[in-house]
Amino acid sequence: MRKTLLTPAVVLTTLAALAATAGCGSGGSGGSNGSDDAPVRFGDAKGSHGATRPGKASLAQMPTNPISFKEQRKVGGAGNGTPIGVATYHGPKSGFTGKVWVWAPPEYYEKKNADKGFPVLMALPGAEGYPVNYWIGGDLKLEENLAQWSKEGKSLPFIVVMPVLNPNAKQYYDASDIPGQPKMGTWLNEDVPDFVRQNFRTLKSRDGWAIMGSSSGGFAALKNVLQHPETFKAAIPSGPDIVPDSPLWRGHAREQRENNPEVLAQRLISKGGPEVYLAFQDGSKEATVVPKVKKFIARYGRGPVKTRLQTVVGGMHGADTYVKGMGEGTMQWVSAHMQGPAE
């Protein structure tokens, strides 16, 4: 599986993040945010501003067990200084313990939205995806851009959740439950979404859940939306692998097939739904990636599998290329098929 090319800036971000998250408490039990040592909280069981718990007919779902996070950094520009928080979480279903970074957009804090649930975008990194998720970085400015696009009406105001992708930096696990290995599929598809619901005002239906990723994280995004359309409605697979190819699958051909996006897409087509939206992204200079993506779209982009390809002119196999593509149309297309903040 390919690894996303890291720029020097991304490497520096990773090193800084490692230093900043050192000693973060298990279970997300608070921590320093730098200047005043105040923990970061994103809401309580009644909403951020004392909103009442919504009724059964509501689209919104209030936090069930919010915790305190340690501040990673503040998001500038249109982000208005909103914090990215980090906590260490033990996934009760997967049994895996790992870091999860989270960010809520400026609209989340507005009093008029205190009764509203917000859509969620899970962002997965490429490369090892451990011990840091590079989408937290101030160099890539994912959050700054999302805030600006939301302000311009080009994107919904997403809560962004950024878990570690792999349990270590030695192997990649194809975001799957490989027999005998840490259950990274359950971690991403069940534990992390549950963790988000515990801490944020979210939306009850799949219409409020999307997943994105680059390179190996792009494979994870593609696979997860096809494998779990009951959880995710849309995915942004950027420079993705198309088939699972971890060496850890050796001896487990049947299970490997069950985590193959080609098999999962055909199965979804045969069933007739539910509809999923795949917003592929590639750089025009990704010679080995583009043909595979186009082949997948030609073969499986039909029926309930809705596809779009954003090609970034001059773009390489890298996260900065994919952020650019998101602003050139990807986020607008994805947002058009999802539910915005609602009570």
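Residues numbered from 1 in each chain as written. Predicted model: local features only at pLDDT ≥ 70, side-chain atom pairs only at ≥ 80, totals over all residues. Heavy atoms only, no water.

Engineer: Would you mind going over the pairing of strand β11 (residues 305-312) in detail, with residue names and values included?
Structural biologist: Strand direction decides the pairing type here: strand β10 (residues 276-283) and β11, joined by eight bridges, are parallel. Along β11, the bridge assignment pairs L278 with T307. (Pairing = 2+ DSSP bridges. Helix = DSSP H or I, 4+ residues; strand = E, 2+ residues; numbered from the N terminus.)

Engineer: Pulling in residues and values, what's your account of the layout of surface pockets?
Structural biologist: Computed from the structure, the largest pocket encloses a volume of approximately 180 Å³. What lines the largest pocket is simply S176, D177, G185, T186, N189, E190, K223, Q227, H228, E255, E258 and N259. At the level of elements, α3 (184-199) and α4 (216-227) are the ones that each hand at least two residues to the lining of the largest pocket. Among the elements that line the lining of the largest pocket, the one with the most residues is α3, at four residues. Here the lining of the largest pocket is built from residues that sort into no nonpolar, seven polar and five charged. (1 Å grid on protein atoms, 1.4 Å probe; cavity = no way out; pocket = protein on both sides within 12 Å on 5 of 7 lines; lining within 4 Å. Points joined across faces, edges and corners; volume = space filled by probe spheres on them. Nonpolar A, V, L, I, M, F, W, Y, C, P; charged D, E, K, R; others polar.)

Engineer: Let's hear about the sheet that holds β10: which residues, and what values?
Structural biologist: Read across the open sheet, the nine strands follow the order β2-β3-β4-β6-β5-β8-β9-β10-β11; overall the sheet is mixed. Only two strands of the sheet have a single partner each, and these edge strands are β2 (70-75) and β11. The sheet shows a mean angle of 20 degrees between the axes of neighbouring strands, direction not considered. Of the strands in this sheet, β2, β3 (82-90), β4 (97-103), β5 (120-124), β6 (159-163) and β8 (209-214) are in contact with helix α2 (residues 142-151), which crosses β2 at around 55 degrees. Docked against the sheet, α4 engages β5, β8, β9 (234-238) and β10, running at close to 150 degrees with respect to β8. (Axes fitted to C-alpha atoms, helices over the stretch in contact; angles between N-to-C directions. Contact = heavy atoms within 4.5 Å.)

Engineer: How would you explain helix α6 (residues 261-271) if you had to name every residue and give the values?
Structural biologist: All buried positions along α6 are accounted for by P261, V263, L264, A265, L268 and I269. Contacts from the buried residues of α6 go to α4, α5 (253-257), β10, α7 (290-300) and β11. Between the side-chain oxygen of the N-cap and the backbone nitrogen of E262 there are 2.9 Å, and the N-cap of α6 in question is N260. Note on α6: the residue one or two positions beyond its end, G272, has a positive phi of about 85 degrees. (Buried < 20%, exposed > 50% of the residue type's maximum accessible area, 1.4 Å probe, protein only. Polar contact = N/O pair within 3.5 Å; in protein donor to acceptor, adjacent residues only side chain to side chain.)

Engineer: Before we move on, can you summarise the nonpolar core with the specific residues and values?
Structural biologist: In this structure, W135, L146, W187, L226, L278 and F296 are the most contacted members of the largest nonpolar core, which totals 88 residues. If we ignore the near neighbours within four places in the chain, the residues touching L226 are P261, L264, A265, L268, V276, L278 and F296. (Core = buried A, V, L, I, M, F, W, Y, C linked by side-chain atoms within 4.5 Å.)

Engineer: Tell me what's going on with the packing of aromatic side chains, and back it up with residues and numbers.
Structural biologist: One pass over the full model with this rule turns up 13 aromatic pairs. Between Y108 and F200, the ring centres sit 5.8 Å apart and the planes meet at 65 degrees, which makes this aromatic pair edge-to-face. Remark: F200 occurs in the loop between α3 and β7 (202-203) and Y108 occurs in the loop between β4 and β5; sequence separation between them is 92 residues. Side by side, Y108 and F200 carry an identical accessibility label, which is buried. Taking 5.8 Å as the distance between ring centres and 65 degrees as the angle between the ring planes, the aromatic pair formed by Y277 and W333 counts as edge-to-face. Of this pair, Y277 sits in strand β10 while W333 sits in helix α8 (residues 319-336); the two residues are 56 residues apart in sequence, bridging distant segments of the chain. With respect to class, Y277 is no different from W333; both count as buried. Ring-pair connections join several aromatic residues into one group, and the members of that group are F42, F69, Y89, F96, Y108, Y109, F118, W187, F195 and F200. One Lys or Arg, R201, reaches over the ring of Y108 and ends 4.0 Å from the middle of that ring. (Phe/Tyr/Trp six-rings, centres within 6.5 Å; stacked < 30°, edge-to-face > 60°. Lys NZ or Arg CZ within 6 Å of the ring centre and 35° of its normal.)

Engineer: Which residues make up the pairing of β6, and what are the values?
Structural biologist: Of all five residues making up β6, five are buried, and the element is well covered by its neighbours. Of the two faces of β6, both are covered, the one formed by I159, V161 and P163 as well as the one formed by V160 and M162. Examined bridge by bridge, β4 and β6 share four bridges and lie antiparallel to one another. What sits directly across from V102, in β6, is V161. Sheet topology places β5 next to β6; three bridges connect them, and they run parallel. Paired with M122 across the strands is V161, a residue of β6.

Engineer: An account of the environment of P157 is requested, with residue identities and associated values reported.
Structural biologist: When you line up the elements, P157 lands in the loop between α2 and β6. Overall, the relative accessible area of 10% leaves P157 in the buried class. For the pair P157 and G340, spaced 183 residues apart in sequence, the C-alpha separation works out to 7.5 Å. With residues up to four places along the chain from it excluded, the contact list for P157 reads P105, E107, F118, P119, S150 and P341.

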